Every structure is written in structure tokens, then in C-alpha cells.
Amino acid sequence: GDDEDDADTTASSADSTSSLAHWVRRQRHQYKLKLQGKATPLTTERQIALTELGFAFDPNAATWEERYTQLVRFVQVHGHCQVPRWYDENKGLAIWVKCQRRHYQRMRAGMKTSLNADRQARLERLGFVWYAKTSPCRRNRMNGRGGKVAGK
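In this text the structure is predicted, and so the values were computed from the model without any measurement.

Draft legend 1. Examining the nonpolar core more closely. Grouped together as the largest cluster of nonpolar side chains are 17 residues, with contacts concentrated most on Leu 71, Val 83, Leu 93, Trp 96, Val 97, Leu 123 and Phe 128. For this core, the elements supplying multiple residues, two or more each, are helix H3 (59-78) and helix H4 (91-108). Not counting the four nearest positions on each side in its chain, Leu 93 is found in contact with Arg 67, Gln 70, Leu 71, Phe 74, Val 83 and Tyr 87. Counting residues in hydrophobic clusters, the runner-up holds 6 residues, among them Val 24, Tyr 31, Leu 42 and Phe 55.

Draft legend 2. Fine view of the packing of H3 against H4. At their nearest, the axes of H3 and H4 sit 10 Å apart, and the two run at 105 degrees to each other. Relative to H4, H3 is oriented roughly perpendicular. Every residue of H4 that contacts H3 at Trp 64, Arg 67, Tyr 68, Gln 70, Leu 71 and Phe 74 is listed here: Gly 92, Leu 93, Trp 96, Val 97 and Gln 100. Grouping the constituent residues of the contact of H3 with H4 by class yields 7 nonpolar, 3 polar and 1 charged.

Draft legend 3. Layout of the side chain of Gln 100. Tracing the chain through its elements places Gln 100 in helix H4. The residues touching Gln 100, leaving out its near neighbours within four places in the chain, are Trp 64, Leu 115, Leu 123, Phe 128 and Trp 130.

Draft legend 4. Representation of the pattern of salt bridges within the structure. Counted under the stated rule, the structure contains 1 salt bridge. Taking the shortest distance from any N to any O, the salt bridge between Arg 122 and Glu 65 comes out at 2.8 Å. With Arg 122 in helix H5 (residues 117-125) and Glu 65 in helix H3, the pair connects residues that are 57 residues apart, well separated along the chain. Relative accessible area serves as the criterion here: at 33%, Glu 65 is assigned to the partly exposed category.

Draft legend 5. Here's a closer look at the packing of aromatic side chains. Inspection of every chain in the model, using the stated rule, returns 9 aromatic pairs. Taking 4.8 Å as the distance between ring centres and 75 degrees as the angle between the ring planes, the aromatic pair formed by Phe 55 and Phe 57 counts as edge-to-face. Taking 6.1 Å as the distance between ring centres and 80 degrees as the angle between the ring planes, the aromatic pair formed by Tyr 104 and Tyr 131 counts as edge-to-face. Of the two residues, Tyr 104 is situated in helix H4 and Tyr 131 in the loop between H5 and helix H6 (136-144); the sequence distance between them amounts to 27 residues. The class of Tyr 104 is buried, set by a relative accessible area of 7%. We classify Tyr 131 as exposed; its relative accessible area is 53%. Aromatic rings pair up to connect Trp 23, Tyr 31, Phe 55 and Phe 57 into one cluster. Positioned above the aromatic ring of Tyr 68 is the side chain of Arg 122, whose terminal nitrogen or guanidinium carbon lies 4.3 Å from the ring centre.

Draft legend 6. Spotlight on the confidence of the model for the protein chain. Across the protein chain, the average pLDDT comes to 82, with 77% of residues at 70 or higher. Confidence drops under a pLDDT of 50 for residues 137-152, and excluding neighbours within four residues, the segment shows 14 contacts in the predicted structure.

Draft legend 7. Main features of H5. Every buried residue of H5 is listed here: Arg 119, Gln 120, Arg 122 and Leu 123. For H5, the angular spread of buried residues about the axis comes to 165 degrees, placing them on one side. Opposite its buried face, H5 presents the exposed residues Ala 117 and Arg 125, each directed more than 90 degrees away. Here H5 starts with a cap whose side-chain oxygen sits 3.2 Å from the backbone nitrogen of Asp 118, and that cap is Asn 116. Residue Gly 127 follows H5 closely and has a positive phi angle near 90 degrees.

Basis of the calculations
Residues numbered from 1 in each chain as written. Predicted model: local features only at pLDDT ≥ 70, side-chain atom pairs only at ≥ 80, totals over all residues. Heavy atoms only, no water. Core = buried A, V, L, I, M, F, W, Y, C linked by side-chain atoms within 4.5 Å. Buried < 20%, exposed > 50% of the residue type's maximum accessible area, 1.4 Å probe, protein only. Helix = DSSP H or I, 4+ residues; strand = E, 2+ residues; numbered from the N terminus. Contact = heavy atoms within 4.5 Å. Axes fitted to C-alpha atoms, helices over the stretch in contact; angles between N-to-C directions. Parallel < 35°, antiparallel > 145°, perpendicular 65-115°, else oblique. Nonpolar A, V, L, I, M, F, W, Y, C, P; charged D, E, K, R; others polar. Salt bridge = Lys/Arg side-chain N within 4 Å of Asp/Glu carboxyl O. Phe/Tyr/Trp six-rings, centres within 6.5 Å; stacked < 30°, edge-to-face > 60°. Lys NZ or Arg CZ within 6 Å of the ring centre and 35° of its normal. pLDDT = per-residue confidence, 0-100. Arc of directions from axis to C-beta. Polar contact = N/O pair within 3.5 Å; in protein donor to acceptor, adjacent residues only side chain to side chain.

This is how it looks when you write it as C-alpha cells:
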């Protein structure tokens, strides 16, 4: 009956998803080997073709670049880098900014972190504030609601 066909489709769909996930992991592993100068079946041509299709060999780096681009847009609109913690338009960006500050602290403490000198310099060129207490947005938001910032 039709129910059996649905079950077969679901099973084969799960199998193909698992196969795709395995293939993706294999491509990323081969890419890491290639970066280390080790032998790998990943050819430069395949790497270029996959990159042109939007394949992320390093998904963490791709995410960092995506968030950085969002921060650039935020600066263009707001004139500063201090994304509020409760930034409803892009909660992911707010979390990312907080994480960059945490990575900066780890880097300064000599700990392993994904924040490197290049990323730090790029953020600083935007005017990134590593130690943020109260952002201009928070003061404006509080004042706009009729509230006052303590001591002002």
C-alpha cells in the first residue's frame, strides 16, 4: 500500500542524508590534509569547483565571515560596533560579538582561540570595542522609553 511506499522513501531519504553528511566530512578532512601538505585525493580543480558552488571547507571560518559582514552592515547603519546584547533584528550577531570579546580575553590570557591577529585587526579597523559596558544603543533605548541611566 501507500504507507509502505512512504516508509521506503523515508528510509532511502535518511540513507542519502547520511551518505551526503559522510561525503561532506570526507571533503573537509581531505581539505585539512591538503593544507598540511599531505597527500590527498582532493584536487585543486575539485576544490575550486566546490568553492564556486558555495561549499564551505571550513564552516567555522565561513560563519565568522558571514557574521563579520553582518557587523560591517550594522556599523554602516548605526555608526558603531556596539551591538546590543538584546539586538532583536539579529540575535546571532549579538551573540557573535559577545563571543569575539570572550575570544579576545582568551587570546590575551595565552589560551587557544579562533580569534587570530588578522581577525582582531579587521574588527579593530571597524572600531570594535573589546571591553563594552553600556553601549550607545542601550543609553538611547533607555532614554527613548523615558527611563534614565543611573547617575545621569
